[in-house]
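# Commentary on secondary and tertiary structure
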Amino acid sequence: MEFNSSPGDLMELSALFSDDKRVAEAASIAQKLRSFAEEDIGRQGVTVVGNATASRGLEVAVGNLQEYCNELENRLLSRFDAASQRRELSNMAECAKILSQFNRGTSAMQHYVGLRPMFDVEVMNADARLVLGEEGSQPSPSHVANGLSSLYKEITDTVRKEAAIIMAVFPSPNDVMSILVQRVLEDRVPNLLEKLLVKPSLVNPPPTEEGGLLLYLRLLAVAYEKTQELARDLRGVGCGDLDVEGLTESLFLDHKDIYIEYEQASLNQLYKAKMEELRAESQPEGSGTIGRSKGASIASSHQQISVTVVTEFVRWNEEAITRCTLYSSQPANLAATVRSVFTCLLDQVSQYITEGLERARDSLTEAAALRERFVLGTSVSRRVAAAAASAAEAAAAAGESSFKSFMVAVQRCGSSVAIVQQYFANSISRLLLTVDGANAASCEEMATAMSSAEAAAYKGLQQCIETVMAEVERLLSAEQKATEYKSPDDGMIPDHRPTNACTRVVAYLSRVLESAFTALEGLNKQAFLTELGTRLHKGLLTHWQKFTFNPSGGLRLKRDITEYGEFVRSFNAPTVDEKFESLGILANVFIVAPESLSTLFEGTPSIRKDAQRFIELREDYKSAKLASKLSSLWQS
């Protein structure tokens, strides 16, 4: 009857409920009485319609018992605090045991954790100074990594020390450890991460001089990795049934949800900054074309493709892929983010090498314009002709320089593509193979991305052929003398040396094509040399149509053809070899007697058309009336 008098009247309690030495017993009995009273009220509410006075008395008792339990719980918490300050573990344990009867000891557990010094505001402010450095300073990822390692080790050590006390004091230590670790991951760690991980604007990103978007991404990766390590360490110390991994992951969800957008934006920012840097390097103060020496390389003023730059693109991408693997545990999600990041590399390399090839093509175009500028008619003075010849030589030197420059660009383009392909095979492919179709799709994207560079390379190689043939034609026109093929001393000892024009052309081709042999590979090399050999064959035929040949001139021509043929054999192009072998046969039309011409092509009827044109160039074509004599041969 002690508790069912007036509400709030706890003044006249028996010694059991007022004696500090019997608090354990009092707590147990009070909790049981409250439980019985609440159950009785419940039963009366269901089965008894009248007797309101009895029900009212029970409600008062329940209220008084609850008030008594609250007062007793507060008294025990104060005693627990006092024992805690004196580090009297036995007294703390005694209080904790009694308090476990109140709401399973939850208030005592939370009270204990809440008063831990590790959650003081001053301590958490010190965390920020340790990790971020002094206010206003820009944190570096390495400094942050070291700071987080030190801080998280300190937290783990503190939790380990607390665990020893908790095990000795609380009846349910796992529950207390769960509350303690949860407080670490919901209060102390987020307080630090909020200051460390400030999302930069994607619209107005910080400049690269201040770290750019990459600084945020690196800090995020460091924080994520170190906090995951903290979670594993706390799990090792003990955290009850707490989902410490899930709780840790939730700390970064806001950042991970839009992570890939920041990664792509960062890669684009790095690329733009690199391009600006390269443009600045290629245009130093005082540069220009004024005062360029005769024949100086036009290409020297153009920025050349650099394999080192492409390697830097790959290094950026590799770092980004490392972050992708850090954040994505599901194969499908990982494959999607990896493809997005790898596509950035494909776009960067494709744009960079395509623009590099186009710049090299510009040099070829400029050289072609110089050649066209110095094409003169026949009615000019000797002084003008000499000046034009000198300018034409300078244009030819520019053409040769631009040819070599383009071949260097093609070679570096090939090396750059090979670097990307190797990177894909070594680092990207294995991350995509776990998802059906992802690897094949990326291979197709890679081929598509490089198609623009291939188109630029093809156009440039066609310009290279035009450049070479223009110089071959210039050399033949300037160096070939009519008397070399129609010697007035016919019948004298023949000159078995190649003509000066032939020597000059072969020397030029040997010199200029050295870069092509080095730069081109496989089918590209075969196609280029076959096309060039075919054009050379056609150009020589056209050139020789301008001359008349006597027998000694025919022998000289045959020597030239042999020289050209030996050179083009280095092309390893069978169709070109066949064309020059046919030229050697054709040259015989200038050497044999008129009566032997009809039998000359019995074994090779396919070259009769070219033979007819050659025969018309014989010195005795009209005098020997060869047209009528051979008419039956051409008709057949």
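Residues numbered from 1 in each chain as written. Predicted model: local features only at pLDDT ≥ 70, side-chain atom pairs only at ≥ 80, totals over all residues. Heavy atoms only, no water.

Below, the discussion takes up the overall build of the protein. Counting its secondary structure elements, the protein contains 24 helices and zero strands. Within the protein, buried positions represent 44% of all 636 residues. When contacts within the protein are restricted to residue pairs at least 6 apart in sequence, those whose partners lie at least 24 apart make up 78%. About 32400 Å² of surface is accessible on the protein, with carbon and sulfur atoms providing 51% of the total. (Helix = DSSP H or I, 4+ residues; strand = E, 2+ residues; numbered from the N terminus. Buried < 20%, exposed > 50% of the residue type's maximum accessible area, 1.4 Å probe, protein only. Contact = heavy atoms within 4.5 Å. Areas by Shrake-Rupley, 256 points an atom, 1.4 Å probe, with all protein chains shown as cover.)

Okay, the packing of helix H7 (residues 141–169) against helix H9 (residues 212–237) next. Viewed as axis vectors pointing N to C, H7 and H9 meet at an angle of 20 degrees, and their least axial separation amounts to 10 Å. Relative to H9, the element H7 is oriented roughly parallel. Crossing geometry of H7 relative to H9 is assigned as right-handed. Listed contacts from H9 to Pro-141, Val-144, Ala-145, Leu-148, Ser-149, Tyr-152, Ile-155, Thr-156, Val-159, Arg-160 and Ala-163 of H7 are Leu-215, Arg-218, Leu-219, Val-222, Ala-223, Lys-226, Thr-227, Leu-230, Asp-233, Leu-234 and Val-237. (Axes fitted to C-alpha atoms, helices over the stretch in contact; angles between N-to-C directions. Parallel < 35°, antiparallel > 145°, perpendicular 65-115°, else oblique. Left-handed = near helix turned anticlockwise from the far one by under 90°.)

Here we come to helix H22 (residues 608–615). The set of residues buried in H22 consists of Ala-611, Phe-614 and Ile-615. Angular distribution of buried residues about the axis of H22 spans 95 degrees; they occupy a single face of the element. (Arc of directions from axis to C-beta.)

Using the criterion set out here, one finds 17 aromatic pairs in the structure. Ring geometry for Phe-517 and Phe-571: centres 6.3 Å apart, planes at 55 degrees, overall tilted. Here Phe-517, found in helix H17 (residues 500–519), pairs with Phe-571, found in the loop between helix H19 (551–568) and helix H20 (574–586); they are 54 residues apart in sequence, far enough to count as distant. Taking the relative accessible area as the measure of exposure, Phe-571 reaches 5% and is therefore buried. Consider the rings of Trp-544 and Tyr-564, whose centres lie 6.2 Å apart with planes at 50 degrees: the pair is tilted. Of this pair, Trp-544 sits in helix H18 (residues 522–544) while Tyr-564 is found in helix H19, placing the two residues 20 residues apart along the sequence. A single burial state applies to Trp-544 and to Tyr-564, both of which are buried. Grouping aromatic residues by their ring pairs yields a cluster made of Tyr-485, Phe-547, Phe-549, Phe-590 and Phe-614. Its end group placed over the ring of Tyr-112, Arg-116 keeps NZ or CZ at 3.9 Å from the ring centre. One Lys or Arg, Arg-183, reaches over the ring of Phe-119 and ends 4.5 Å from the middle of that ring. (Phe/Tyr/Trp six-rings, centres within 6.5 Å; stacked < 30°, edge-to-face > 60°. Lys NZ or Arg CZ within 6 Å of the ring centre and 35° of its normal.)

In terms of nonpolar packing, the biggest core is built from 161 residues, with Tyr-352, Leu-357, Leu-513, Phe-528 and Trp-544 touching the most fellow members. Examining the composition of this core, we find that 15 residues originate from one element, helix H16 (residues 438–479), more than from any other. Those residues within four positions of Phe-528 in sequence are excluded, and the remaining contacts are Phe-403, Met-407, Leu-461, Cys-464, Ile-465, Leu-513, Ala-516 and Leu-520. Of all hydrophobic cores here, the second largest spans five residues; its members include Leu-77, Ile-98, Leu-99 and Ala-108. (Core = buried A, V, L, I, M, F, W, Y, C linked by side-chain atoms within 4.5 Å.)

Once that is clear, we can look at the environment of Arg-371. Tracing the backbone through its elements, the reader meets Arg-371 in helix H14 (residues 331–373). By relative accessible area, which is 21% here, Arg-371 ends up partly exposed. Placed 96 residues apart in sequence, Arg-371 and Thr-467 show a C-alpha to C-alpha distance of 9.4 Å.

Direction vectors running N to C along helix H13 (residues 307–327) and H14 enclose 170 degrees, while the axes themselves pass 10 Å from each other. One element, H13, and the other, H14, form an angle in the roughly antiparallel class. Counted together, Val-309, Val-310, Phe-313, Val-314, Trp-316, Asn-317, Ala-320, Ile-321, Cys-324 and Thr-325 of H13 and Leu-334, Thr-337, Val-338, Val-341, Phe-342, Leu-345, Gln-348, Val-349 and Tyr-352 of H14 form the full contact between these two elements. Among the residues forming the contact of H13 with H14, the class breakdown is 15 nonpolar, four polar and no charged. (Nonpolar A, V, L, I, M, F, W, Y, C, P; charged D, E, K, R; others polar.)

Bringing the confidence of the model for the protein into the picture now. In the predicted model, the protein carries a mean pLDDT of 84, and 80% of its residues have values of at least 70. Contacts from residues 46–50, a stretch scored under 50 in pLDDT, to residues over four places away or in other chains number one contact. (pLDDT = per-residue confidence, 0-100.)

Residues other than glycine seldom take positive phi values, yet Asn-572 does so here, at roughly 55 degrees. On the secondary structure map, Asn-572 appears in the loop between H19 and H20. Within the chain, Lys-625 stands out as a residue other than glycine whose phi angle is a positive 50 degrees. Mapped onto the elements of the fold, Lys-625 is located in the loop between H22 and helix H23 (626–629).

Turning next to the side chain of Ser-416. Structurally, Ser-416 can be placed in helix H15 (residues 382–432). The exposure class assigned to Ser-416 is buried, which follows from its relative accessible area of 0%. Excluding residues within four positions of it along the chain, Ser-416 makes contact with Ile-305, Val-307, Val-310 and Ile-353.

What follows is about the environment of Arg-430. Along the chain, Arg-430 falls in helix H15. For the pair formed by Arg-430 and Ala-335, sequence separation is 95 residues and the distance between their alpha carbons is 9.6 Å.

Moving on: the pattern of salt bridges. Overall, the coordinates contain 25 salt bridges when judged by the stated rule. When the shortest N-O distance is used, the salt bridge between Asp-127 and Arg-188 registers 2.8 Å. Of this pair, Asp-127 sits in helix H6 (residues 121–132) while Arg-188 is found in helix H8 (residues 173–196), placing the two residues 61 residues apart along the sequence. Judged on exposure class, the residue Asp-127 and its partner Arg-188 are both buried. Residue Arg-323 is joined to Glu-263 by a salt bridge in which the shortest nitrogen-to-oxygen separation is 2.7 Å. Here Arg-323, found in helix H13, pairs with Glu-263, found in helix H12 (residues 259–282); they are 60 residues apart in sequence, far enough to count as distant. One exposure class covers both Arg-323 and Glu-263, and it is buried. (Salt bridge = Lys/Arg side-chain N within 4 Å of Asp/Glu carboxyl O.)

This brings us to the side chain of Glu-479. Tracing the sequence through the fold places Glu-479 in helix H16. Classification of Glu-479 by relative accessible area gives buried; the value is 17%. One polar contact links Glu-479 to Arg-504, side chain to side chain, over a distance of 2.9 Å. Non-local contacts of Glu-479, meaning those with residues more than four positions away in its chain, are made with Glu-484, Asn-500, Ala-501 and Arg-504. (Polar contact = N/O pair within 3.5 Å; in protein donor to acceptor, adjacent residues only side chain to side chain.)

You can see Ala-391 is positioned in helix H15. Judged by relative accessible area, Ala-391 falls into the buried class, the value being 16%. When the C-alpha positions of Ala-391 and Arg-373 are compared, they lie 9.1 Å apart, and in sequence the two are 18 residues distant.

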